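# An overview of the molecular structure
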Amino acid sequence: MINRIKSLLDYLQINENAFSNIIGISQRTLNYYINGKRKPSFELIEKILNAYPDLSAEWLLRGEGDMYRTSNKNQSHTMKSY
């Protein structure tokens, strides 16, 4: 799943700091997940899916299907203010 999160960051063309702000966790915590020091939690998955509602949970969790549930290739992603 970590590789899919990294793929999502590449697809969105954002860095870990921006992504952590968007999903509402600290960059340090995100780094623990990315570097394998922590296993992805339900809370992390929920935060990602809440921040990106068109993201496919099936893809994120199991690596099956398309990254996004919609066929729109030009997804708009807005940053939340924190």
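Right, let's walk through the structure included here. (Residues numbered from 1 in each chain as written. Predicted model: local features only at pLDDT ≥ 70, side-chain atom pairs only at ≥ 80, totals over all residues. Heavy atoms only, no water.)

### Brief notes about the environment of tyrosine 11
Mapped onto the secondary structure, tyrosine 11 falls in helix H1 (residues 2-12). The class of tyrosine 11 is partly exposed, set by a relative accessible area of 37%. Separated by 56 residues in the primary sequence, tyrosine 11 and methionine 67 place their C-alpha atoms 9.6 Å from one another. (Helix = DSSP H or I, 4+ residues; strand = E, 2+ residues; numbered from the N terminus. Buried < 20%, exposed > 50% of the residue type's maximum accessible area, 1.4 Å probe, protein only.)

### Here we look at the packing of aromatic side chains
The tally for this structure, following the rule as stated, stands at two aromatic pairs. A centroid spacing of 5.5 Å and a plane angle of 40 degrees characterise the contact between tyrosine 11 and tyrosine 68, whose relative ring orientation is tilted. Here tyrosine 11, found in helix H1, pairs with tyrosine 68, found in the segment after helix H5 (57-62); they are 57 residues apart in sequence, far enough to count as distant. By relative accessible area, which is 8% here, tyrosine 68 ends up buried. (Phe/Tyr/Trp six-rings, centres within 6.5 Å; stacked < 30°, edge-to-face > 60°.)

### What about helix H4 (residues 42-51)?
For H4, the full list of buried residues reads Leu44, Ile45, Ile48 and Ala51. Along H4, the residues classed as buried sweep out an arc of 135 degrees about the axis, all on the same side. Across from the buried face of H4, at angles greater than 90 degrees, the exposed residues are Phe42 and Asn50. The elements touched by buried residues of H4 are H1, helix H2 (16-23), helix H3 (27-34) and H5. (Arc of directions from axis to C-beta. Contact = heavy atoms within 4.5 Å.)

### A word on the pattern of salt bridges
In total, this model carries two salt bridges according to the counting rule given. Notably, a salt bridge pairs glutamate 58 with arginine 62, separated by 2.9 Å at the nearest N-O pair. With a gap of four residues between them, glutamate 58 and arginine 62 both fall in helix H5, about one helical turn apart. Residue glutamate 58 is classed as partly exposed on the basis of its relative accessible area, which comes to 35%. Between arginine 62 and glutamate 64 there is a salt bridge whose closest N-O contact spans 3.4 Å. Here the salt bridges do not stand alone but share partners, grouping Glu58, Arg62 and Glu64 into one network. (Salt bridge = Lys/Arg side-chain N within 4 Å of Asp/Glu carboxyl O.)

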